[in-house]
Amino acid sequence: MKLSKIFRDGIINDNPIFVQLIGMCSTLAVSTNVVNSVAMGAAVIAVLVGSNLVISILRNVIPDKIRIPAFVVVIATFVTIVEMFMKAYAPPIYEALGIFLPLIVVNCIILARAEAFASKNGIVASIVDGIGMGIGYTIALVVLGAIREIFGAGTFLGMQVLPASYQPAGIFIMPPGAFILLGILIGVFNLARRKKSSSKA
Amino acid sequence: MKETVRLGIILMIITVVSAGVLAISNNLTKDRIAELEMAGSLEALRGIFGESANFKPLDEGKLAEIQGTNPAVVEIFEAYDGDSLTGYAIKHTSKGFGGDLVLMTGFNMDGTVAGLDVLEHSETPGLGAKAEEPEFRNRFVGLSTSGEITVEALSGATVTTTGVLAGVNEVREVFNTQLSN
Amino acid sequence: MEGKMLNTTKADSAVPEMLVVSSSPHIRSNDTVSRIMLDVVIALVPAMIGSVYFFGLNALKLILISVASAIGFEALTQKVFKKDITINDFSAVITGILLAFNLPANAPWWIPVFGSGFAIIVVKQLFGGLGSNFINPALAARAVLLASWPNIMSTYVLPGADAVTGATPLAIMKFGGADATASATVAQAGSELPSLMDMFIGNIGGAIGETSAVLLLIGALYLLVRKVIDWKTPVFYIATTAIMLLVLGVPTEELMYHILGGGLILGAFFMATDYASAPVTKLGQIIFGIGAGALTALIRVKGGFPEGVSYSILLMNVASPLIEKFTAPKIFGRAK
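Quick caveat: nothing in here was measured; it's all calculated off a predicted structure. Each residue is numbered by its place in its chain's sequence as written, counting from 1. Key to labels: chains lettered from A, ligands numbered from 1, both in the order written. In keeping with the model being predicted, local features are shown solely for residues with a pLDDT of at least 70 and side-chain atom pairs are shown and tallied solely at 80 or more, while totals for entire chains, interfaces and linings include all residues. Working from all heavy atoms in the structure, the side-chain values ignore hydrogens and water.

With that out of the way, let us pick up the overall build of chain A. In terms of helices and strands, chain A carries eight helices and two strands. Strands are runs of DSSP state E lasting at least 2 residues, helices are runs of H or I lasting at least 4, and numbering of each runs from the N terminus. Starting at the N terminus, the α and β elements of chain A follow one another as α-α-α-α-α-α-α-β-β-α. The globule rule used here is 2.2 Å times the number of residues to the 0.38 power, and the radius of gyration it is set against is calculated over C-alpha atoms. On C-alpha atoms alone, chain A measures out to a radius of gyration of 18 Å, which is about the 17 Å that the 2.2 N^0.38 rule sets for 201 residues. Taken along the three principal axes of its C-alpha coordinates, chain A extends 60 × 50 × 25 Å. Any residue under 20% of the maximum accessible area for its type is buried, any over 50% is exposed, and the rest in between are partly exposed; the area is computed with a 1.4 Å probe on protein chains only. Classification of the 201 residues of chain A by burial places 45% in the buried group. For chain A, long-range pairs separated by at least 24 residues make up 74% of all intrachain contacts whose partners lie at least 6 apart in sequence. Element-wise, carbon and sulfur atoms account for 71% of the exposed surface of chain A, whose accessible area totals about 9,100 Å². The positive count covers Lys and Arg only, the negative count covers Asp and Glu only, and His and the chain ends enter neither. We put the charge of a Lys on NZ, of an Arg on CZ, of an Asp on CG and of a Glu on CD. Put simply, chain A has 15 plus and 8 minus side-chain charges, and the middle of one group is 11 Å from the middle of the other. Should any heavy atoms of two residues lie within 4.5 Å, those residues are considered in contact. Only the protein chains shown count as cover for residues, and the accessible areas themselves come from Shrake-Rupley with a 1.4 Å probe.

Listed below in structure tokens is the structure:
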């Protein structure tokens, strides 16, 4: 498989949020603004690349019977490292992500890629897959975070972008707004994807 | 049997390596994390008692005694101006509308409220969440501790206001009966 | 009320909508979507006039903006989705009116615009348009507005041209003798409950279309006579609310305030009877009414808000497919 295809699959054809619909819980919870979305995306990319790399290296060493506990130990290790460094060097973001940072351990995306890709493919392909999936996840989060921040707070990256007379619509910051927006975004993304593939054929 | 041992050993090796890696990263970060945590409390305390004040945690035996009767109390700090004790700051919890509120309430030795800080909350944005804004918190500054403390409620956030007041009044009792003398 | 299936059988037929295509002979009736919708609009006219009488031109402005933007959004989405444009069937008009009825009189102009947009685009058209909305669009829009701008949506105006803000009777009962800890709006208004006569006529604080029990009842009676709505849901709804309130310890002298105040009459007759989002089976409608009544009483007495009609109906809307499934009539000649 070509590396460029693996990379593009992660972002578009198998986008974890818009197409595979996995890892939704943290997506809805942390995407209240762009900064949180980027930070969460970065944390997931770091964990995903790390765990894909290690699991790909160990794929012939780990016996099939204990692969799940082995994967979980590897993933949990990377999550804990990311957590420690975020707490030490980016405390405001650490507080904003709250429980969802340690919960990356149980994020379906990570285990799914370990099981479906890294345990069957070479080291380079696994790293590329981790980056592609991670970026796909981050893009979804940032789009959601940008819309929620602009309409829910009138700001973008913390700067006021809508006129001060705009009264922010709190619903965008709250969970129901996230659900509704994500549903609409999934629809739009897949419509665009379908149009593109039908124009190719 | 042999198979089980082999699996166990492989899993153990993975776990040991992982523990080693974690120990290293813990060593790299732990000092900075502790420093930041202290700075966080200090910021809230300085916000209440002013930039020049010094703080010392209350004697642990006394804190445990207070917590025995008032489980809402989390931590107590003594505030000093130079060498003289000027007041106490009590970190405590109370029930809000959306969950627990973590508050820091400061009392001056002359029997007035030095200030209030809302450290953590999960109140409704736009209503109860306004409790963390200075506009609301400053309503407490200077109020006497001799009687029940009341302030004007946040519009549309009766439950949050009641929760904050209940918490503040509980630690007011603590201050009056066990700290101020 | 928005979203009657094009149904050639009678309105209160116990046949689930998937069986609309039945074997011959078919009975033709004059019920068409737009005729039924027009009836509902007619039934809402008295309360509309009342809202303008009590709350002045602000109320008229809100209703007009709300209806106009509902129609506009309906046409726009149908154009974007390349569907037939059906704005002349009055269903968007009803959504617009009901939404405006749920607003306080001093709401700014963009509140009904945003609300109509949400009701029509998200709740109605994205789920397939007329008859396919799984919850009541106007109520869903109200819930979203309340979550987004809680201050605007819970600051009510008392009747009269000078637009003084004040508490609704339900808020007075809930937050009681306005002491220092009660909410600011209650404190401003004092804590005097209005007379029951004012409650009945609608001379009280509240959303513009929900206050006048008598005018809403006139409209409801028209719909009952025309057989557009069925008596079961509203009657079971209101009765259950009353019983539950008593069970939860509300004093009997306050009971009438609970029934006439807030959105109970409007909700029970005009929203809980929505064809698209409430059950179509007879037993289902009774269950719907009982469930909504129990929830309303629970929210009013035990919840954080003084009023619970809209959330109760929305929750029962969501439960409707399940209720329908359990109450569907048996079909002959089919193995179990």
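From this point on, the discussion continues.
Stacked, tilted and edge-to-face are the three classes assigned to paired rings of Phe, Tyr and Trp, where Trp is represented by its six-membered ring and a pair needs centres within 6.5 Å; plane angles under 30 degrees give stacked, over 60 edge-to-face, the rest tilted. Tallying each qualifying case throughout the model produces 12 aromatic pairs over all chains. Ring geometry for Phe107(B) against Phe175(B): centres 4.8 Å apart, planes inclined by 20 degrees, an arrangement best described as stacked. Highlighted residues: Phe107(B) in strand E4 (residues 100-108) and Phe175(B) in helix H4 (residues 158-179), separated in sequence by 68 residues. Taking relative accessible area as the criterion, Phe107(B) reaches 0% and is therefore assigned buried. Measuring from centroid to centroid gives 4.8 Å for Phe127(C) and Phe134(C), while their planes differ by 55 degrees, and the two rings are tilted. The exposure class assigned to Phe127(C) is partly exposed, which follows from its relative accessible area of 44%. Judged by its relative accessible area of 37%, Phe134(C) falls in the partly exposed class. Joined through ring pairs, the aromatic side chains of Tyr88(B), Phe107(B) and Phe175(B) make up one cluster.

Turning next to the nonpolar core. Generally speaking, nonpolar side chains in soluble globular proteins are found buried as a group. Take the buried Ala, Val, Leu, Ile, Met, Phe, Trp, Tyr and Cys residues and link them wherever side-chain atoms come within 4.5 Å; each set so joined is a nonpolar core. By size, the foremost hydrophobic cluster in this structure holds 117 residues, and its most contacted members are Ile104(A), Leu44(C) and Phe270(C). Those residues within four positions of Ile104(A) in sequence are excluded, and the remaining contacts are Met40(A), Ala43(A), Val44(A), Val47(A), Val79(A) and Ile110(A). Counting 28 residues, the second-largest nonpolar core is a separate cluster that includes Leu63(B), Leu116(B), Val164(B) and Phe175(B).

Counting residues at the interface gives 18 residues for chain A, matched by 18 residues for chain B. Note on terms: buried area is the combined drop in 1.4 Å-probe accessible area of two parts once they are placed together, counting the loss on both. Here chain A meets chain B over a buried area of about 1,700 Å², counting both sides, of which 82% is carbon and sulfur. Area buried by chain A at its contact with chain B is led by Ile66(A), Met84(A) and Ala88(A), which between them contribute 27% of it. Here a polar contact means two N or O atoms within 3.5 Å. Within protein one must be a hydrogen donor candidate and the other an acceptor candidate, and residues neighboring in sequence count only if both atoms are side-chain atoms. Summed over the shared surface of chain A and chain B, the number is two residue pairs in polar contact (both at pLDDT 80 or more). When residues in the side of chain A that touches chain B are grouped by element, the largest group, 12 residues, is from helix H4 (residues 67-89) of chain A. Here the side of chain A that touches chain B is composed, by residue class, of 14 nonpolar, two polar and two charged. Put simply, Ala, Val, Leu, Ile, Met, Phe, Trp, Tyr, Cys and Pro go in the nonpolar bin, Asp, Glu, Lys and Arg in the charged bin, and everything else, Gly too, in the polar bin.

All names here are of chain C. Buriedness for pockets is judged along seven lines, at least five of which must meet protein on both sides within 12 Å for an open set on the 1 Å grid over protein atoms alone, while cavities are sets there where a 1.4 Å probe fits but cannot get out, and lining residues have an atom within 4 Å of a point. Grid points are joined across faces, edges and corners, and a volume is the space filled by probe spheres set on the points. One pass over the structure, following the stated rule, counts two cavities of 30 Å³ or more. Counted as a void, the second largest cavity has a volume near 40 Å³. Looking at the second largest cavity, the residues that line it are Ala 47, Gly 50, Ser 51, Phe 54, Ile 208, Gly 209, Thr 211 and Ser 212. Residue composition of the lining of the second largest cavity, by class: three nonpolar, five polar and no charged.

Okay, helix H2 (residues 57-80) of chain C next. All names here are of chain C. An expected span of 1.5 Å times one less than the residue number is assigned to each helix. Taking 1.5 Å as the rise per residue, H2 with 24 residues should run 34 Å; its terminal C-alpha atoms sit 34 Å apart, in good agreement. Among the residues of H2, those classed as buried are Ala 59, Leu 62, Ile 63, Ser 66, Val 67, Ser 69, Ala 70, Glu 74, Ala 75, Thr 77 and Gln 78. Once H2 finishes, Lys 82 follows within two positions and takes phi at roughly 55 degrees, a positive value.

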